[in-house]
Amino acid sequence: MKYIYSTVPALVILGIFLWFSNWIPQTTWEPPKKLQLSADLSPADLARFGETLVKERGCLTCHTIEEGAGERGRGRGPNFAGIGVRPRSTPKYLAESLYDPGAFVVEGYVNIMPSAVAPPARLSYEEATAVVNYLLSLGGRPSVKVGDLPRPAQQAAAPAAAIPAAPQAPAPAEVKAILNKYGCLACHALGGEGGKVGPALDRREIADEAKESKLSVADYIRQSIVAPGAYLAQGFPNIMPADIGDKMTARELEQVVKYLSDGLSK
Amino acid sequence: MPYRDFPLLGSRNVVWMGAELHLMFAAFVLAVPLFALVIEFMGWRSKQERYDRLAHELTRLLPPAYTFTAITGAFMGFSLFTLYPQFMNYMTGVFGPTMWVYPLFFILESLSLYFYYYMWDRLQGDKKWIHVLLGLSLNIWGTIVMFIANSWASFMMSPGGANSAGEVQSLWGAISNLTWWPLNLHRLVANVTFGAFLCSAYAAYRYLGSKDSKEKAYYDWMGYTGNLVGLFTMLFLPFLGYYLGFEIYSFSPQMGVTLMGGVLSWVFVIQAVVIATMFLAAAYYSWLGLSRIPGSEPYRRWVPAFNAILIVGFAVWSTPHTMAATPEEATGGFHPVLSSLGLMAPKMAAVSLILLVLYVSYLFYRRAGKKVKGAGVLNGLIWGLIILGGVAILGLGVHGFFAPAALRIKESIIQILVLLGVILTTFIMDTMRLRKARIIGSPAWGAVPRRSQYALIALAFIIVWLMGLMGYARSAVRLNWHVSGILEDTSPQAGLPALGQAANMTTIITLIFFALLGLVFLFAIYSGREKVPAISGPGIPHQHKEGEDEVHL
């Protein structure tokens, strides 16, 4: 009996812990349900499903949705609010950010995001389309239907077990290879080599033109590639192929944009 | 059939209970031999009989505790195999060979234990070294057993050696997954903490139950020693915890964030409250302990100031950063004021200052009852260093708050180095200073108030509860996966319960554990009463014999 008596203070303390644990917010967590999304849903409907998915599949452990907090916000990943109108947020770019987040790492962030089509989020292709529509709806308009986006290379890769690498500046050789692959150097020169039909890609004027059109250098270059006619460089004909940006993967596009804009802001 | 249901309780709760109870007993039978061996060794080298007696008494707890370890282990295994057959099928497929050698080591461990326990009196004197070697082998087998079991548990969290289809390509890859070593180290050290606090609770019960002043003195000293070992080893746990967290993060940043800033972040708020309570209880105990020492009055003046620092420190330490509870709250859910206090830099400063204050309390304790003449300069130097260290820690904390992340991490490492450096140098200087000390009052063992013993008992309950809760968090972070990313949990209980419910479970498990442990204690108490060696107590001044060093823990 005396033993029990001397245990009373201990039990009281456990009681306090118990009370405290039951007093704080009581959230349960349920495993996400797979959504069956039919192919004929409208982009707006898909966006509504996308919202649920983003909340249930753990995206908000890192991302935030903070109005007016800019691109960075206070999360561990970019702020979703306004993502739909950011210049790089083409549907294809967003889809690729989901499938293979490490392919292009947003500047200032670490490559910590797991592929959204692998565990734990494990979005199906249809679900990924819904998420892209939802992201587009944040500031912009949802516009893609099931089937419009490229499919992920392979569903469900093994969970990333590697220590995340820091984002790297694109290597010159790699960028050269991309430019060659799409025939950019047939018309443009870089480092004194290449065609003369279009302006040299490292000429100073690009920075001035960016300023005139009130874009950052990177956004201006991206726009020039994705929508060449939008702003014509002075003294040059509008002959750059309009679909050339669409053919590039988002990663290639961003590598080129980063390389060129870094070079110009030196 | 992937799952079977357990009526009423539900499969998950049954396995939960089995696993936690088994883990607690396993921790106990791993920690107590380690603890006993160290104490036996100290007694052997310093030729103090009381240490040998203490080590022997501790091992007396082991045979019944082993029985419970085996029973709870069998219960856990049985419930896993019947209720989660598919999962266990997968695990045996991956870990087959290790599951065969596991019992082998367990048998070796038990054999060593029986020899260690029953040969105690025979292997004394010249043959003591054989006994110490036996104790060492007992510890080695036990550690191997734990490491094997850890490989299974850590694999579930951060599977290694498997391809995307979940087929394990290499057994060694599966064993040596990312969180295996952090878990090994964390559990090893935490086990000693756990064992030490449980032993001092045992001593407390015996202290409270004994009438003889010699016995009282002995158990008072035992409780004090256990508490000191528990606190000392606990100092390492935050750092090992960060190491584990770091490896979880490198396995999957999302998992790391889920743990620290997502659905489970409130667990850490509870943890902080619990740890704060532990330190307060420990501080309470050691301040009451000052009353053992005649001439300690000047030191007791400081107690209120220390209390204030501790409480403020804990408030900062336990402030959560993200107040995220629901996805809606998670969205921009950073509290404007709390989030700045909850950031790393203030936290590190707070916890470092708390540790410094606890260290100073300990210095006081060591100094109480001793008079030193003519070491004023040294004393000034010691206090100067401690104050400088405190200011530096605080300064780094404030600066780190404004510094970018990379610098902040470097600064928190400097903070730790400053803390450890100050403790180490002042400890050596103080030891030098105390060499010249004249003892004016040695501890009157057995004369502490009874309420100090309640604190020891409470500490044991708290650490068990905390271990249960953190075990839950470690399992819960896998969310709906048996094996992260490889084997999904599709059972009806794949989600997470509310934290209150998890705490209820933890409390029930803690109470069951102590009920069983009470039996272990009773067996040990009735299995033999021995003559208590003389310790200084009220009316029994401690005689310093030639060749006997006062071992300061």
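As the structure is a prediction and not an experimental result, all values here were calculated from the model.

Chemist: Would you mind going over the overall build of chain B with me for this structure?
Modeler: A tally of helices and strands in chain B yields 20 helices and 4 strands. The 553 residues of chain B split such that 58% are buried. Partitioning the intrachain contacts of chain B with sequence separation of at least 6 by distance along the chain shows that 82% fall at a separation of at least 24. Looking at chain B as shown, the accessible area adds up to about 22,700 Å², and 71% of this sits on carbon and sulfur atoms.

Chemist: Can you help me understand a nonpolar patch on the surface in this one?
Modeler: Residue and element names in this part refer to chain A. Side chains of Tyr-5, Val-8, Val-12, Ile-16, Trp-19 and Trp-23 sit close together on the surface and give an oily, nonpolar patch of about 700 Å² of accessible area. Tracing the backbone through its elements, the reader meets Ile-16 in helix 1 (residues 2–23). The class of Ile-16 is partly exposed, set by a relative accessible area of 46%.

Chemist: Any chance you could explain the interface of chain B and chain A here in plain terms?
Modeler: A common way to express how large an interface is: the accessible area buried when the components associate. Contact with chain B, which involves 55 residues of that partner, is made by 49 residues of chain A. Buried surface at the junction of chain B and chain A, both sides included, amounts to about 4,500 Å², of which 71% is carbon and sulfur. On the surface where chain B and chain A come into contact, there are 1 salt bridge. In this structure, Glu-488 of chain B and Arg-122 of chain A form a salt bridge, with 2.6 Å as the shortest nitrogen-oxygen distance. When contributions to the side of chain B that touches chain A are tallied by element, the ones reaching two or more residues are helix 7 (180–209), helix 9 (237–251), helix 10 (253–260), helix 11 (265–289), helix 14 (327–330), helix 19 (450–476) and helix 20 (499–526) of chain B. For the side of chain B that touches chain A, the residue count by class is 33 nonpolar, 20 polar and 2 charged.

Chemist: Which parts of the structure should I look at to understand helix 8 (residues 213–234) of chain B?
Modeler: An α-helical segment advances 3.6 residues per turn. Residues three or four places apart therefore align on the same side. Along its 22 residues, helix 8 of chain B runs 31 Å from first to last C-alpha, staying within 8% of the 32 Å computed at 1.5 Å per residue. With 19 of 22 residues buried, helix 8 of chain B lies mostly within the body of the structure.

Chemist: What is the right way to look at unusual backbone geometry in this model?
Modeler: Trans peptide bonds make up most of the peptide bonds, and negative phi angles are found at most residues other than glycine. All names here are of chain A. With a phi close to 50 degrees, Arg-122 is a non-glycine residue in the positive phi region. With respect to the helices, strands and loops of the structure, Arg-122 is situated in the loop between helix 3 (91–99) and helix 4 (125–137). Given a relative accessible area of 24%, Arg-122 falls into the partly exposed group.

Chemist: Honestly, the nonpolar core in this entry has me stumped. Any pointers?
Modeler: Across soluble globular proteins, nonpolar side chains show a tendency to be buried alongside one another. Formed by 148 residues in total, the largest nonpolar core has its most connected members in Leu-58, Phe-194, Leu-198, Phe-513 and Leu-517 of chain B. Broken down by element, this core gets its largest block of residues, 19 residues, from helix 19 of chain B. Among all residues touching Leu-198 of chain B, those that are not within four sequence positions of it are Phe-28, Ala-460, Val-464, Phe-513, Phe-514, Leu-517 and Phe-521 of chain B. Counting residues in each nonpolar core, the second largest holds 35 residues, with Leu-41, Val-117, Leu-123 and Ala-250 of chain A among its members.

Chemist: Would you mind going over the packing of helix 2 (residues 49–60) of chain B against helix 3 (residues 62–83) of chain B with me for this structure?
Modeler: Each pair of packed helices can be summarised by the angle the axes make with each other and by the distance between the axes. Residues and elements named next belong to chain B. Following both chains from N to C, one finds helix 2 and helix 3 inclined at 30 degrees, their axes separated by 5 Å at the closest point. With respect to their mutual orientation, helix 2 and helix 3 come out roughly parallel. Contacts between helix 2 and helix 3 pair Leu-58, Thr-59 and Arg-60 from the former with Leu-62, Pro-63 and Pro-64 from the latter.

Chemist: How do you make sense of helix 1 of chain A when you look at a structure like this?
Modeler: For helix 1 of chain A, built from 22 residues, the straight-helix expectation of 32 Å at 1.5 Å per residue is met to within 8% by its first-to-last C-alpha distance of 32 Å. The axis of helix 1 of chain A is deflected most strongly, by about 40 degrees, at Val-8 of chain A, and proline Pro-9 of chain A appears within four residues downstream. By the burial criterion, the buried members of helix 1 of chain A are Ser-6, Thr-7, Ala-10, Ile-13, Leu-14, Phe-17, Phe-20 and Ser-21 of chain A. The elements touched by buried residues of helix 1 of chain A are helix 7, helix 11, helix 19 and helix 20 of chain B.

Chemist: Can you help me understand the packing of helix 1 (residues 11–46) of chain B against helix 20 of chain B in this one?
Modeler: Residues and elements named next belong to chain B. At a closest axis distance of 10 Å, the pairing of helix 1 and helix 20 adopts a crossing angle of 45 degrees. One way to sum up the angle between helix 1 and helix 20 is to call them oblique. The crossing of helix 1 and helix 20 is right-handed. Packed against helix 1, whose contacting residues are Asn-13, Trp-16, Met-17, Glu-20, Leu-21, Met-24, Phe-25 and Phe-28, the element helix 20 presents Ala-502, Met-505, Ile-509, Ile-512, Phe-513, Leu-516, Leu-517 and Val-520 at the interface. Taken together, the residues of the contact of helix 1 with helix 20 break down into 14 nonpolar, 1 polar and 1 charged.

Chemist: How should the packing of aromatic side chains be read in this particular structure?
Modeler: The way to describe two aromatic rings as a pair is by their centre distance and the angle between their planes. All names here are of chain B. The full count for this structure, using the stated rule, is 29 aromatic pairs over all chains. Measuring from centroid to centroid gives 5.5 Å for Trp-180 and Trp-181, while their planes differ by 55 degrees, and the two rings are tilted. The partly exposed category is assigned to Trp-181, whose relative accessible area is 41%. On the numbers, 5.8 Å between centres and 55 degrees between planes, the contact of Phe-364 with Trp-383 is tilted. Linking Phe-364 in helix 16 (residues 344–367) with Trp-383 in helix 17 (residues 376–402), this pair joins segments that are 19 residues apart in sequence. Through pairs of rings, three or more aromatic residues link up here, namely Phe-25, Phe-68, Phe-194, Phe-461, Phe-513 and Phe-514.

Chemist: Where do I start with the pattern of salt bridges in this structure?
Modeler: Where charged atoms of side chains with opposite charge meet at close range, the side chains can pair. Using the criterion set out here, one finds 17 salt bridges over all chains in the structure. For the salt bridge of Arg-57 of chain A with Glu-127 of chain A, the shortest nitrogen-to-oxygen distance reads 3.2 Å. With Arg-57 of chain A in the loop between helix 2 (43–56) and helix 3 and Glu-127 of chain A in helix 4, this pair connects stretches of sequence that are 70 residues apart. Judged by relative accessible area, Glu-127 of chain A falls into the buried class, the value being 0%. As a salt-bridge pair, Arg-222 of chain A and Asp-219 of chain A come within 2.7 Å of each other at their nearest N and O atoms. Placement of both Arg-222 of chain A and Asp-219 of chain A in helix 8 (residues 217–226) is noted, with a separation of 3 residues, approximately one turn of the helix. Connected through shared salt-bridge partners, Arg-53, Glu-57, Arg-60 and Arg-206 of chain B make up one network.

Chemist: Explain the side chain of Asp-430 of chain B here, please?
Modeler: Residues and elements named next belong to chain B. Structurally, the position occupied by Asp-430 is in helix 18 (residues 405–435). Given a relative accessible area of 0%, Asp-430 falls into the buried group. Contacts of Asp-430, omitting those with residues within four sequence positions, involve Leu-363, Arg-366, Arg-367 and Ile-382.

Chemist: It is not clear to me how the confidence of the model for chain A should be interpreted in this structure. Could you clarify?
Modeler: As a general rule, the predicted coordinates of low-pLDDT regions are not to be interpreted in detail. Predicted confidence across chain A gives a mean pLDDT of 82, with 93% of residues reaching 70 or more. In this model, residues 155–167 of chain A is a region of pLDDT below 50 whose contacts with residues beyond four sequence positions or in other chains number 32 contacts.

Reading the values: the criteria
- Residues numbered from 1 in each chain as written.
- Chains lettered and ligands numbered in written order.
- Predicted model: local features only at pLDDT ≥ 70, side-chain atom pairs only at ≥ 80, totals over all residues.
- Heavy atoms only, no water.
- Helix = DSSP H or I, 4+ residues; strand = E, 2+ residues; numbered from the N terminus.
- Buried < 20%, exposed > 50% of the residue type's maximum accessible area, 1.4 Å probe, protein only.
- Contact = heavy atoms within 4.5 Å.
- Areas by Shrake-Rupley, 256 points an atom, 1.4 Å probe, with all protein chains shown as cover.
- Patch = residues over 30% accessible without salt bridge, like charges linked within 9 Å, V, L, I, M, F, W, Y side chains within 5 Å.
- Salt bridge = Lys/Arg side-chain N within 4 Å of Asp/Glu carboxyl O.
- Buried area = accessible area lost by both parts, 1.4 Å probe.
- Nonpolar A, V, L, I, M, F, W, Y, C, P; charged D, E, K, R; others polar.
- Expected span 1.5 Å × (residues − 1).
- Core = buried A, V, L, I, M, F, W, Y, C linked by side-chain atoms within 4.5 Å.
- Axes fitted to C-alpha atoms, helices over the stretch in contact; angles between N-to-C directions.
- Parallel < 35°, antiparallel > 145°, perpendicular 65-115°, else oblique.
- Bend = angle between axes of the 7 residues up to and from the residue.
- Left-handed = near helix turned anticlockwise from the far one by under 90°.
- Phe/Tyr/Trp six-rings, centres within 6.5 Å; stacked < 30°, edge-to-face > 60°.
- pLDDT = per-residue confidence, 0-100.

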